[in-house]
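# Per-entry structural report
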Amino acid sequence: MRRGAIVRITGIGIVIAILVFLVAYLIPWLPTPASEQMKRIEHVYWFVTVICIFIFALVISVLVYSVLNFRSPPEDESDGPSIHGNTGLEIVWTVVPAILVIAIGVVSAIVLSQNGNAGTNPMTIKVFAQQFSWRFEYPGSNNLKSYELVMPVDRNITFKMNSADVIHSFWIPAMGQKQDLVPGIDTSIVITPTRTGTFTLVCAELCGLGHATMRAPVRVVSQSDFAAWVKDQQGSGGTGTDGAAVFSSAGCGACHTFTPAGSKGAVGPNLDNVAADAKKAGEVPAAYVKESIVDPNKVLAPGYAAGVMPGNFGDSLSAKEIAALVTYLTGAKQ
Ligand code: CUA
């Protein structure tokens, strides 16, 4: 009888373990790794998952066996037998989980430390976040600025991060690493891309009305393509001359509707009406638009609250970029 019970419990446990393993393995819970760090994180994921599958199968198999075999008849309302614990069993169920939890802790600490190691001679990219856009600076390349994150493959890259307003969080899902950007604190993270391709950087910290739209394109290219890109960017003088590019990269469309840009944001005023709004404010459109970008709380469009539009675009955008944006929004040369 006892032997039969162990055989049946083991059988139920194996079936449950297989089912749960298939759920873990067949559903793509994690993106295909695109960095050294993500590969290590994936190892931790499997290490923890296999332990969890084992414990889950053990608990559920005993539960299922007990439900099937020790159910009381419908009319039976008597108390069950009184049991005074089992010291041996209690030692086992304390020591085994303790060992497993310590093992998970040690493996995680090793991976965390490896993922924080930038090795020798890492490349540094500065990241600036603000509601609701990302900007990247490549030191040593004439402080090249970009709104697209371009990285060379197989290179250790240290990101040094700063936020202009509230807490944001830097996360490229396929690369695993995630790091908060906190105003007033310099934070950093290391990523070593392992394959070329396009990815998306998303903000992973609720940071305001436009949080869900706070994304940036990410491109991993070969080392030679990266060198060519840097050269090309320096030659073109960045995005400063193209109002449409500034509009999209500064994240304006997240909050504003503007038909030429195809944006449908409804958080802030509709920019198709800037001429009429300028008239209401008693200003010429170009001056009104520039003022609204640099000092958004000075004149508020009717029905919109103060303090929603970030007040620091005057610092984060260059004079050239603001001029291009004004031209783009008013549809006229200044
Ligand atoms: Cu920035 Cu959410």
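My aim in this report is to walk through the structure given alongside it, one point at a time. (Residues numbered from 1 in each chain as written. Predicted model: local features only at pLDDT ≥ 70, side-chain atom pairs only at ≥ 80, totals over all residues. Heavy atoms only, no water.)

Further remarks concern the sheet that holds strand E6 (residues 168–171). Within the open sheet, the 5 strands sit side by side as E4-E10-E9-E6-E7. Their pairing is mixed. Edge strands, defined here as strands with exactly one partner in the open sheet, are strand E4 (149–152) and strand E7 (178–181). Neighbour-to-neighbour, the strand axes of this sheet turn through a mean angle of 25°, independent of strand direction. As paired strands, E4 and strand E10 (residues 215–221) are joined by 4 bridges and run parallel to one another. Among the inter-strand pairings, Val150 is bridged to a residue of E10, identified as Arg219. (Pairing = 2+ DSSP bridges. Helix = DSSP H or I, 4+ residues; strand = E, 2+ residues; numbered from the N terminus. Axes fitted to C-alpha atoms, helices over the stretch in contact; angles between N-to-C directions.)

What follows covers the packing of helix H2 (residues 36–69) against helix H3 (residues 87–115). Two numbers describe how H2 lies on H3: the axes approach to 9 Å, and their chain directions differ by 175°. Judged on the interaxial angle alone, H3 and H2 are roughly antiparallel. The residues of H3 that touch H2, namely those facing Gln37, Arg40, Ile41, Val44, Phe47, Val48, Ile51 and Ile55, are Leu100, Ala103, Ile104, Val107, Ser108, Val111, Gln114 and Asn115. Of the residues belonging to the contact of H2 with H3, the class tally is 11 nonpolar, 4 polar and 1 charged. (Parallel < 35°, antiparallel > 145°, perpendicular 65-115°, else oblique. Contact = heavy atoms within 4.5 Å. Nonpolar A, V, L, I, M, F, W, Y, C, P; charged D, E, K, R; others polar.)

Grouped together as the largest cluster of nonpolar side chains are 38 residues, with contacts concentrated most on Trp134, Phe159 and Phe170. Those elements that provide at least two residues to this core are strand E1 (123–130), strand E2 (133–138), E4, strand E5 (157–163), strand E8 (187–191), strand E9 (197–203), E10 and helix H4 (223–236). Judged by nonpolar contacts, the second largest core, of 16 residues, contains Val274, Ile293, Phe313 and Leu329. (Core = buried A, V, L, I, M, F, W, Y, C linked by side-chain atoms within 4.5 Å. Buried < 20%, exposed > 50% of the residue type's maximum accessible area, 1.4 Å probe, protein only.)

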